[in-house]
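Analysis of the macromolecular model
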Amino acid sequence: MDIRQAFLDYFASKGHTIYESAPLVPDDASLLFTNAGMVPFKNIFTGEVPAPEPPRAASCQTCIRAGGKHNDLENVGHTARHHTFFEMLGNFSFGDYFKEEAIAYAWEFVTDVLELPEERLWVTVHESDDEAEEIWARYIARDRILRMGDKDNFWQMGDTGPCGPCSEIFYDQGEERFGGPEDYLGGDGDRFLEIWNLVFMQYERDASGNLTPLPKPSIDTGMGLERVVAVKEGKPSNYDTELFMPIIREVERVVGRPYEYESGASYRVIADHLRSTTFLLAQGVNFSNEGRGYVLRRILRRAVRHGYMLGLREPFMHKLVKVLVEIMGDHYTYLKEKQSAVEQMMALEEERFFATIAAGIELFEKELANTETLFSGAVAFKLYDTYGFPLDLTQDMLKERGLEVDIAEFERLMQQQRERAKAAWKGSGDARIEGDFKALIEEFGHNTFVGYDQLRAESRVLAVMNDGFARVTCLEPGQRGWVMLDVTPFYAESGGQTGDVGSLKVMEGDDVVAEVVDTKRFFDLNLSEVVVKTKLCENDLVEAVVDTARHEIAKHHSATHLLHSALRQILGDHVTQAGSLVEADRLRFDFSHPKPLTSAEIAAVERWVNEIVERGVAGEVEEMDIASAKAKGAMALFGEKYGEKVRVVSFGERSIELCGGTHVHNTAEIGIFLITKESGVSAGVRRIEAVCGHAAYELVTSMRTTLAQITHELKAKEPLQGVARLQEQLKQLKSEIRELQKGKKADIKTETIGDTVVVVEEVDAGDIKQMIDDLKNAHEKVAVMLFQKRGEKVLIAAGQKGTPLKAGAWVKEIAPVLGGGGGGRDDFAQAGGKRPEAIGEAKAKALEYLKRTLG
């Protein structure tokens, strides 16, 4: 039985609009991930936007709970129900039906559709909710209805706001399986399994804690798909079901030994974490060291560590993706589309961690032998900083042994690192916008955008707001604020394209009433930010004029589409857009690809785009339904909200994309296209920056001027010949310097630690790399670190032979003392610093490190 589809079909038959699962990254700056079925409807429940029509909805929402307040990570694999990724079935009423219908729907679905035996069903209600109990008594015996308090049966969104009692449906899994002391209704045992929670949002809680009845109470329900599948299949654990067992069987095959539930926690962790990492990667989240990308990295590395515990010594997670796609790809079709890209990104991240995991575990075990109760925070930090072990992974390993890490010491070292690097994370930059947008929508509806066809429009000012989005009647000269026009030619920032700028002018004449400095969309309202020149009020008639920069923006947007197609053509179909920025003087395009582009690949991409530009391919814009667009071959971006009708922008057969942005009518308008930079954004994500149109002309002009200056300075008609002459002169000078240095060899003092010759010295002149090589050639066991002042900077180099010391780790430890950083191989490493006055301190610390390592 396809329970997911049965649920959606049932509620569609009851007049509910069926919504596709919203992205795991929510449109909500307060949340790390979508963690419940109601998250996409939060703005409706809080009253920020009006209810849709019809005011009832149903969905199967993908959710992640692996960070922040809602974090199930450490329980995964050790219980039958905890997951980092799960699907939440839910039906919602926005001031439409209430308890009577919600309970009736739930009972009918559970008993008639799922055909669960009534004698195994139990219900809880809030201790004060007489109404809910009376309704339930029509369907189930009163002695199977239990009243419970706020802790179990009262729900609230926050300290203030919508809230209300809830009612939960439980399934009795049978005393023959569960007979523990907590296996009673309301206990912590697994016998009575909660399968569905019905929340009755009927109150508004104020700051004093007072509850006021809502004029239009609402319904929010949630039923975990994994739990219901387990109940239908008669399995005591979610992991025993068809949703997980094919993955676990594949892990069995890869590991080479059978799975047994009692000892199989690692198999279950891998199966769960495969789901969360695959969905996050498929939806465009990428591995990084901050925010959501870091949570993704933690989940994958936790799974890799469990694979390591099972004896795996090479990347394996990416090999499991195909099994998950077979299970879930028919419903979430983007998994099939992104499978190749997900496998590549996952394999790359696994390779990184497998390169350090053995050394990290060796260090962990070594410190563990010296630990009685509290594991060293310094070692935990080293595991994090040097070997890529997230702190919670180290904590996981300690939890298995009943130990804890010294968090205070770890945090102290983390803070020192942040201060040295001056790179403390300042958040996403997203700010929650507070404004009464709902009132604007209810009063005026959504305003009309006419900017695809015209850059000027006669408009009426429907509403004026100050810079805090509070409604005002007028803005005075010099004030900054926002306006809502009934008809607007200004494009609101969206899809990477920057918002339009321009001016509001008097109806007759050129006098400017206000400068438009930005345009953004809030709940589908197109609002323009203005700086007022003369008084601007509600109901004023103005001429809205878009700046001529719009045409340059259109050139760069169309060039971005061609660039996307070029990358897929030259690098492969695994390339997908991961972000973009389109402005009047540049474009930036982020895309999935596992490695840097070669010079030849960059040239090929640039050439491909310019060939399409030179051909003068006509642009075509069509509106059609999403199915027709996909059939036409249009590329859609995951997470973008598309309506019933979508806008398809095509340039022949070469580029077909869903896009709401502004574009050129013919590729010839783009002019020349030049790539200015290719770089990495995060693991598996590359970035190309480019210019076209007037910006490309300015770049070529600047390059031509620079070339003329170089030619003049080199005093050569051909710059390359002049450079070759300088290189030859430099080579000759270096040779002369080496000869001079040979006659003035530094007197380097050595000492010994055990049977190892050690050198930690400052030298005034000479090639310190050559000095280190000479010392390594002269001794069987040697460890050297040399410092050399270079003006206001310091050069640091280290090398070793025949010792357990790792030069790269040594340099990484010492360089921060000198305000620098660096690294390298185990036998040789170098770094730079900016604090020559700290050389004495660095030498002392370097010797301490040697004694710890060699002693």
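Refer to the preceding data block for the structure.
Let me sum up the structure you'll find in this document. (Residues numbered from 1 in each chain as written. Predicted model: local features only at pLDDT ≥ 70, side-chain atom pairs only at ≥ 80, totals over all residues. Heavy atoms only, no water.)

Bringing the sheet that holds strand β28 (residues 645-651) into the picture now. Here we have three strands laid out as an open sheet, ordered β27-β28-β29, and antiparallel in their pairing. The open sheet has two edge strands with one neighbour each: β27 (619-625) and β29 (655-658). On average, each strand axis in the sheet is tilted by 25 degrees relative to the strand beside it, whichever way the strands run. Alignment of β28 against β29, held across four bridges, turns out to be antiparallel. Each residue of the ladder has a partner; that of S650, found in β29, is I656. Running at roughly 115 degrees to β29, helix α16 (residues 549-571) makes contact with β28 and β29 of the sheet. (Pairing = 2+ DSSP bridges. Helix = DSSP H or I, 4+ residues; strand = E, 2+ residues; numbered from the N terminus. Axes fitted to C-alpha atoms, helices over the stretch in contact; angles between N-to-C directions. Contact = heavy atoms within 4.5 Å.)

The next thing to look at is helix α13 (residues 391-399). In terms of burial, α13 is a largely internal element, seven of the nine residues being buried. When we look at burial in α13, the residues that qualify are L391, D392, L393, T394, D396, M397 and L398. (Buried < 20%, exposed > 50% of the residue type's maximum accessible area, 1.4 Å probe, protein only.)

If you trace the four strands from one edge of the open sheet to the other, you get β25-β26-β31-β30, paired in antiparallel fashion. Among the strands making up the open sheet, the edge pair consists of β25 (577-582) and β30 (673-682). Adjacent strand axes in the sheet meet at a mean angle of 15 degrees, parallel and antiparallel pairs treated alike. α16 rests against β25, β26 (587-592), β30 and β31 (685-692) of the sheet, and its axis sits at about 25 degrees to β26.

Further remarks concern the environment of H273. Among the structural elements, H273 can be located in helix α8 (residues 265-282). Residue H273 is classed as buried on the basis of its relative accessible area of 0%. Along the backbone, H273 and D28 are 245 residues apart, and their C-alpha atoms lie at a distance of 24 Å.

Another aspect to go through is the nonpolar core. By size, the foremost hydrophobic cluster in this structure holds 115 residues, and its most contacted members are F7, W136, W196, F279, M317, F375 and F389. A per-element tally of this core places helix α11 (residues 334-368) first, with 13 residues. In this structure, F7 is in contact with A58, S59, L89, G90, N91, F109, W196 and M223, ignoring residues within four places of it in sequence. With 28 residues, the next largest nonpolar core counts A566, L567, F589 and I612 among its residues. (Core = buried A, V, L, I, M, F, W, Y, C linked by side-chain atoms within 4.5 Å.)

Another point: the pattern of salt bridges. Evaluation of the coordinates by the stated rule reveals 44 salt bridges. Ionic pairing is found between E108 and K14, a salt bridge with its closest N-O pair at 3.3 Å. On the criterion of sequence distance, the pair formed by E108 in helix α3 (residues 99-113) and K14 in the loop between α1 (3-13) and β1 (17-19) is long-range, its members being 94 residues apart. In this structure E108 comes out as partly exposed when scored by relative accessible area, which is 29%. For K14, a relative accessible area of 25% gives the class partly exposed. Here R550 and D500 are joined by a salt bridge, their closest N and O atoms 2.6 Å apart. Of the two residues, R550 is situated in helix α16 and D500 in the loop between β19 (487-488) and β20 (502-505); the sequence distance between them amounts to 50 residues. What makes D500 buried here is its relative accessible area of 2%. Via salt bridges that share partners, D130, E133, E134, R142 and R147 belong to a single interconnected network. (Salt bridge = Lys/Arg side-chain N within 4 Å of Asp/Glu carboxyl O.)

Turning next to the packing of aromatic side chains. Within the structure shown, the criterion is met by 41 aromatic pairs. Geometrically, the ring pair formed by W122 and F192 is edge-to-face, given 5.6 Å between the ring centres and 85 degrees between the ring planes. One end of the pair, W122, is in strand β6 (residues 121-126); the other, F192, is in strand β10 (residues 192-205), and 70 residues separate them in sequence. Their ring planes at 70 degrees and their centres at 6.0 Å tell us that F449 and Y491 sit as a pair that is edge-to-face. Here Y491 lies in the loop between β19 and β20 and F449 lies in strand β14 (residues 448-449), a separation of 42 residues in the sequence. The lysine or arginine in question, R144, covers the ring of W122, its NZ or CZ lying 4.5 Å from the ring centre. (Phe/Tyr/Trp six-rings, centres within 6.5 Å; stacked < 30°, edge-to-face > 60°. Lys NZ or Arg CZ within 6 Å of the ring centre and 35° of its normal.)

On the surface, D112, E115, E118 and E119 cluster together to form a negatively charged patch. By secondary structure assignment, the location of E119 is in the loop between α3 and β6. (Patch = residues over 30% accessible without salt bridge, like charges linked within 9 Å, V, L, I, M, F, W, Y side chains within 5 Å. Areas by Shrake-Rupley, 256 points an atom, 1.4 Å probe, with all protein chains shown as cover. Lys, Arg positive; Asp, Glu negative; His and termini not counted. Charge placed at Lys NZ, Arg CZ, Asp CG, Glu CD.)

Looking now at the pairing of strand β15 (residues 456-466). The pairing of β15 with strand β24 (residues 541-546) spans five bridges and is antiparallel. Following the sheet pairing, R460 is matched in β24 by L541. Here β15 runs beside strand β18 (residues 480-485); their pairing, made up of five bridges, is antiparallel. Pairing of A463 across the sheet is with M484, part of β18.

Attention now goes to the pairing of β6. Burial within β6 is extensive, with five of its six residues counted as buried. Relative to strand β9 (residues 161-172), β6 runs antiparallel, the two sharing four bridges. Across the sheet, W122 pairs through a bridge with F170, a residue of β9. Two elements, β6 and strand β7 (residues 145-148), share four bridges in a ladder whose sense is parallel. Bridge pairing links V123 to I145 in β7. A crossover links β6 with its parallel partner β7, the connecting element being helix α4 (residues 130-136), and its sense is right-handed. (Right-handed = clockwise from strand over helix to strand, strands pointing away.)

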